[in-house]
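Notes for the structure review
The chain contents come next:
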Amino acid sequence: MTEVITLTGNDLTLEQVVEVARKGARITLSQEAIEAVNASRKIIDDIVDSKKVTYGVNTGFGSLVKVSIPQEETRQLQENLIRTHSSGFGDPLGEDEVRAIMLIRINSLLKGYSGIRLSTIETLMAMLNNGVVPHIPEKGSLGASGDLAPLSHMVLPMLGLGRAYYNGELLEGKEAMARAGVEVIHLEAKEGLALINGTTVLTAIGALATHDSIELLKLSDIAGALSLEVHNGIVNAFDEELHIIRPQSGQLATAKNIRHMLEGSTLTTQATAERVQDPYTLRCMPQIHGASKDTVAYVKKKVEIEINSVTDNPIITRSGDVISGGNFHGEPMAQPFDYLGIGSAEIGNVSERRVERLVNTNLSGLPSFLVKHPGVNSGFMITQYAAASLASENKILSHPASVDSITSCENQEDFVSMGTTAARTARDITKNSRRIVATEMMAACQAIDFIKDRGVLGKGTQVAYDVFRKYVKFIDLDKDIEMYDELEKATDVLINGELLKAVEEVVDLDIEFDFGK
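Quick caveat: nothing in here was measured; it's all calculated off a predicted structure.

Attention now moves to the nonpolar core. Ile106, Ile222 and Leu499 are the most contacted members of the largest nonpolar core, which totals 137 residues. The greatest single-element share of this core, amounting to 17 residues, is contributed by helix H9 (residues 200-230). Apart from residues lying up to four places away in sequence, Ile106 is in contact with Leu7, Ile27, Leu29, Ile121, Leu124, Met125 and Leu128.

What follows is about the packing of aromatic side chains. A full pass over the atoms with the stated rule returns three aromatic pairs. Residues Phe513 and Phe515 carry aromatic rings whose centres are separated by 5.2 Å and whose planes lie at 75 degrees to one another, so their mutual orientation is edge-to-face.

The next thing to look at is the pairing of strand E2 (residues 26-29). The alternating pattern of E2 places Ile27 and Leu29 on a buried face, while none of Arg26 and Thr28, on the opposite face, is buried. For strand E1 (residues 4-7) and E2, the ladder comprises four bridges, and the chain directions are parallel. Bridged to Val4 within E2 is Arg26.

Here the structure, examined in full by the defined rule, presents 29 salt bridges. Ionic pairing is found between Asp46 and Lys42, a salt bridge with its closest N-O pair at 3.2 Å. One end of the pair, Asp46, and the other, Lys42, are both in helix H2 (residues 31-50), four residues apart, so they sit about a helical turn from each other. You can call Asp46 partly exposed: its relative accessible area is 38%. Using a relative accessible area of 53% as the deciding quantity, one classes Lys42 as exposed. For the salt bridge of Arg435 with Glu488, the shortest nitrogen-to-oxygen distance reads 2.6 Å. One end of the pair, Arg435, is in helix H17 (residues 419-451); the other, Glu488, is in helix H19 (residues 483-496), and 53 residues separate them in sequence. Overall, Arg435 belongs to the buried group, its relative accessible area being 16%. When salt bridges that share partners are traced, they join Glu97, Glu138, Arg427 and Asp428 into one network.

Thresholds, definitions, all that
- Residues numbered from 1 in each chain as written.
- Predicted model: local features only at pLDDT ≥ 70, side-chain atom pairs only at ≥ 80, totals over all residues.
- Heavy atoms only, no water.
- Core = buried A, V, L, I, M, F, W, Y, C linked by side-chain atoms within 4.5 Å.
- Buried < 20%, exposed > 50% of the residue type's maximum accessible area, 1.4 Å probe, protein only.
- Helix = DSSP H or I, 4+ residues; strand = E, 2+ residues; numbered from the N terminus.
- Contact = heavy atoms within 4.5 Å.
- Phe/Tyr/Trp six-rings, centres within 6.5 Å; stacked < 30°, edge-to-face > 60°.
- Pairing = 2+ DSSP bridges.
- Salt bridge = Lys/Arg side-chain N within 4 Å of Asp/Glu carboxyl O.

Geometry only, nothing functional implied.
Written out as structure tokens, the structure reads:
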């Protein structure tokens with residue numbers, strides 16, 4: 001049975017965003033939220049009737065704030081806003097990203113500070129619940145004054161305009177709405193602005209990237225533990241006694257994760273006088289992976305604040321005041337999403353270095369490039385090249401978007417966040433790093449097949465190996481194969497969640513350390 005999530009405007013979680021965006025969970029509205037929306041709308045209706053000059057209701061937008069709009073043109077003002085602001089460019093956002101956008105926008109509007117009609121929110125909800133996914137080009141937002149261009153593309157199908165997907169088919173907006181049985185609407189005063197002014201797009205993209213980064217961090221611990229076993233790694237570096245004296249949460253969590261995954265392993269060793277320590281990429285996994293865990297844990301907290309926030313402008317207070325402010329400004333999320341990209345890039349960087357250790361006979365003691373007959377076959381040679389390419393691309397993408405700005409709207413909007421760029425690059429970095437970790441997982445499992453007669457894997461790494469081998473087999477390369485196809489299978493294993501779920505059934509994997517235990 002499909003899950004139904006009741007929205008209140010106050011307690012949406014990152015996990016629920018994923019449920020709606022990727023797993024088809026439906027939404028409904030709480031009674032308290034409905035009442036808040038209706039109360040807010042009454043204030044706007046009173047303003048329209050009284051002809052009180054109010055930004056975004058009966059004035060122009062941005063630097064056109066001084067232009068008064070006659071009452072009979074307030075509806076046209078809102079629809080013109082959507083038509084002119086739908087100026088995006090580039091590839092469309094993924095359907096999961098658009099569903100997350102719609103969900104977060106509805107949740108924000110339900111707080112009752114935006115003056116929108118309940119019926120308009122219900123139209124957006126009906127689209128989400130019935131599979132209408134607006135076509136939104138991914139580029140065109142400055143992250144202030146909100147995600148104006150992409151959100152306008154979200155609204156177009158509500159008006160019977162633009163384009164939208166329905167059952168995976170891209171249609172004219174009006175046709176998509178008709179097939180889904182959702183009626184198109186006309187906007188009233190303030191509603192266009194209420195729908196497009198805010199940080200919703202950057203938050204939605206960044207929220208899903210944050211979720212993916214959390215999974216990536218756990219998967220990187222699994223891949224790293226497998227690599228450690230290939231190299232007969234020294235486990236003393238993961239003792240809790242070492243890490244508790246530097247009580248960084250992510251560091252402690254990583255050390256715990258790896259210790260527990262390696263329980264029962266006979267492919268690891270204790271330090272000896274002849275062999276005291278491993279290279280950094282093995283020995284320092286708690287410190288390196290842990291730093292990225294701290295980053296992602298911080299960003300997750302920021303995301304869960306933002307998905308339950310009002311980022312519209314102007315704001316309609318409970319007492320009836322209309323306040324023009326800057327809650328649409330993306331800077332509070334732009335910096336965290338830049339930080340998220342850096343955290344994910346570092347996971348790719350360290351994983352690529354472990355790939356090199358796995359395929360290099362001088363470092364692993366195994367056949368060159370993990371193939372039985374190196375020379376005739378190149379084996380895993382170019383998998384490391386491809387991983388290195390992605391790692392270097394991530395270094396370029398990690399340049400922070402939030403330190404950039406550009407003036408817009410006749411210098412009225414003179415400092416912008418570029419937060420949507422930050423979110424998109426964090427997403428892309430995470431995808432690149434996931435491919436690198438998939439490469440490490442594939443190389444580590446290949447290497448383990450060369451040494452499996454030397455001992456047994458740990459309780460967590462054995463489960464990971466078993467699930468991985470269901471989909472990606474040992475590559476003997478006695479005949480030519482296309483490595484791309486195998487890498488795609490490896491990446492799919494990480495994406496579909498089966499491997500991580502199976503490991504977490506035997507080992508609790510965390511990104512934060514519970515100091516209370």
